[in-house]
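Examination of the molecular architecture
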Amino acid sequence: MSDLDLVMAAFADRLRTARHVAVLTGAGISAESGIPTFRDAQTGLWSHFNPEELASPDGFARNPALVWRWYAERRVKACAAQPNPAHYALAELAKRVPHLTLITQNIDGLHQRAGSPCVIELHGSLHRARCTVDGSVHTTWDYDEELPHCPNCGAMLRPDVVWFGELLPRRALEMAWEAALDCDVFMSIGTSGVVEPAASLPRVALSHDAAVLILNLEQTTAARPPLFTISGKAGEVLPRLVREAFDR
Ligand code: APR
C-alpha cells in the first residue's frame, strides 16, 4: 500500500464512525473548477493584483469602479464555472454522516450549487451586494451599472464580501468556532491556512483530539493521529475518501 492508501484508509475509518464532521474549505477546492486561487505563484489572483487595492475598504473608497469591475469579473467566472467532484463529494458526505458543518472561505457559491444544504460563508459571497448606507443585502442588482446603487435608499452598493482589515460576519464565525470545538472529525480542504481566524479552526479541533485532515498541495502525505495530511487534488482525493469510508 502507498502512503496515500494508508492515510486514506486510516482517515476513512475515522469518517465512518464520526458523530460530527466539520469541514473548512478554501480556494483550492474550486481550483479544478477553473477558478484561480489566491496565492499560487503562477495562477494566483494576488500574483497579478495588490490585494490592498482591490479587497479593502480603502481600495474601494479610492476606486469603487475598479473594485466593482474586479468582483463583477469574478462573479461572471464563478457563474460560468461548474462544481467539481470535490464539491459533490462533500455534498454526498453530508448525507452519510450524522452531522456535517461546512465552513468555507470561498465566495464563489459552488458548494451550494453542488447541493451542500447549509454553507457557512466566512468571507461572504460574490452573489450578494450590500448597501453602504442602510446595510441591506441584495442577491440581484443592475449588473450593467458601473457603480450599482441600493434600490431602497439610492446609496452605493458594495460586494458582500469580507475585505482585508474587516471583521468576519459574527454569527458565521461563532458557528464555525462552535463546530471546531464540537466536532470529532475536522477536514481542512484546499486552503493555505494563512488567513486568520479561519486558519485557527483546525488547531481548535486538534486541541480536543478530533481527527484532523489537512488536504492541499503543500502537505506531505502522512498519518500522525489525530493529524492526517494529504498532498493531492481535492477533486481526486475527496470522492475516493467518501467511497473508502462508506462504499466498501
Ligand atoms: N486540491 C486541493 N488543494 C489545492 C488544489 C487542489 N486542486 N489547488 C490548490 N490547492 C491548495 C494550495 O496548495 C493552497 O494550499 O489550495 C490552497 C490555496 O491557498 P490560497 O490561494 O491561500 O487560498 P485560501 O487558503 O482559500 O485563502 C484564504 O485569503 O486571500 C484571502 O479571502 C481570501 O478566502 C481567501 C483567504
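Here we summarise the structure given alongside this text. (Residues numbered from 1 in each chain as written. Predicted model: local features only at pLDDT ≥ 70, side-chain atom pairs only at ≥ 80, totals over all residues. Heavy atoms only, no water.)

A few points about the sheet that holds strand β4 (residues 124-131)
Rules: Here the rule is simple: two strands pair whenever DSSP picks up at least two bridges between them. A run of H or I in DSSP becomes a helix once it reaches four residues, and a run of E becomes a strand once it reaches two; helices and strands are each numbered from the N terminus. In this analysis, two residues are considered to be in contact whenever any of their non-hydrogen atoms come within 4.5 Å of each other. Convention adopted: a line fitted to C-alpha atoms gives each axis, helices being fitted over their contacting stretch, and angles between N-to-C directions are expressed from 0 to 180 degrees.
Ordered in space as β5-β4-β6, the three strands form an open sheet in which the pairing is antiparallel. Edge strands, defined here as strands with exactly one partner in the open sheet, are β5 (137-138) and β6 (157-161). By the bridge criterion, four bridges tie β4 to β6 in an arrangement that is antiparallel. The partner of C131 across the bridge, within β6, is L157. Along the sheet face, helix α4 (residues 64-80) touches β4 and β6 and points at about 140 degrees away from the line of β4.

Some remarks on the site of the ligand
As a reminder, the rule being used: For each residue, the test is whether any non-hydrogen atom lies within 4 Å of the molecule or strand; if one does, the residue is near. N or O atoms within 3.5 Å of each other form a polar contact, as long as, within protein, one can give a hydrogen and the other can take it, and as long as residues adjacent in sequence are counted only when both atoms are side-chain atoms. Here the term charged refers only to Asp, Glu, Lys and Arg, the term nonpolar to Ala, Val, Leu, Ile, Met, Phe, Trp, Tyr, Cys and Pro, and the term polar to all other amino acids, Gly among them. Domain delimitation in this document rests on an assignment produced automatically or drawn from a domain database.
In the region of the ligand, 23 residues are neighbours, and A27, R39, T191, S192 and E218 sit closest. Here an oxygen atom of the ligand sits 3.2 Å away from a polar atom, N or O, in the main chain of Q105. At 2.7 Å from an oxygen atom of the ligand is found a side-chain nitrogen or oxygen belonging to T191. Looking at the shell around the ligand, its residues break down into eight nonpolar, ten polar and five charged. Each of domain 1 (1-33 + 83-123 + 168-248) and domain 2 (36-80 + 124-161) gives at least three residues to the shell around the ligand.

Quick notes on the packing of helix α5 (residues 85-96) against helix α9 (residues 234-246)
Packed helices, taken two at a time, are described by the angle their axes make and the gap between the axes. To keep things clear, this is the line we draw: Any angle from 65 to 115 degrees is called roughly perpendicular, while one under 35 is roughly parallel, one over 145 is roughly antiparallel, and all others are oblique. The crossing is said to be left-handed when, going from far helix to near helix, the turn is anticlockwise and less than a right angle, and right-handed when the turn is clockwise.
Where α5 contacts α9, the two axes come as close as 7 Å, and the packing angle between them is 25 degrees. When the axes of α5 and α9 are compared, the pair comes out roughly parallel. The interaxial crossing formed by α5 with α9 has left-handed handedness. Of the residues in α9, those touching α5 at P85, A86, A89, L90, E92, L93 and R96 are A234, G235, L238, P239, V242 and F246. A class-by-class count of the residues in the contact of α5 with α9 yields ten nonpolar, one polar and two charged.

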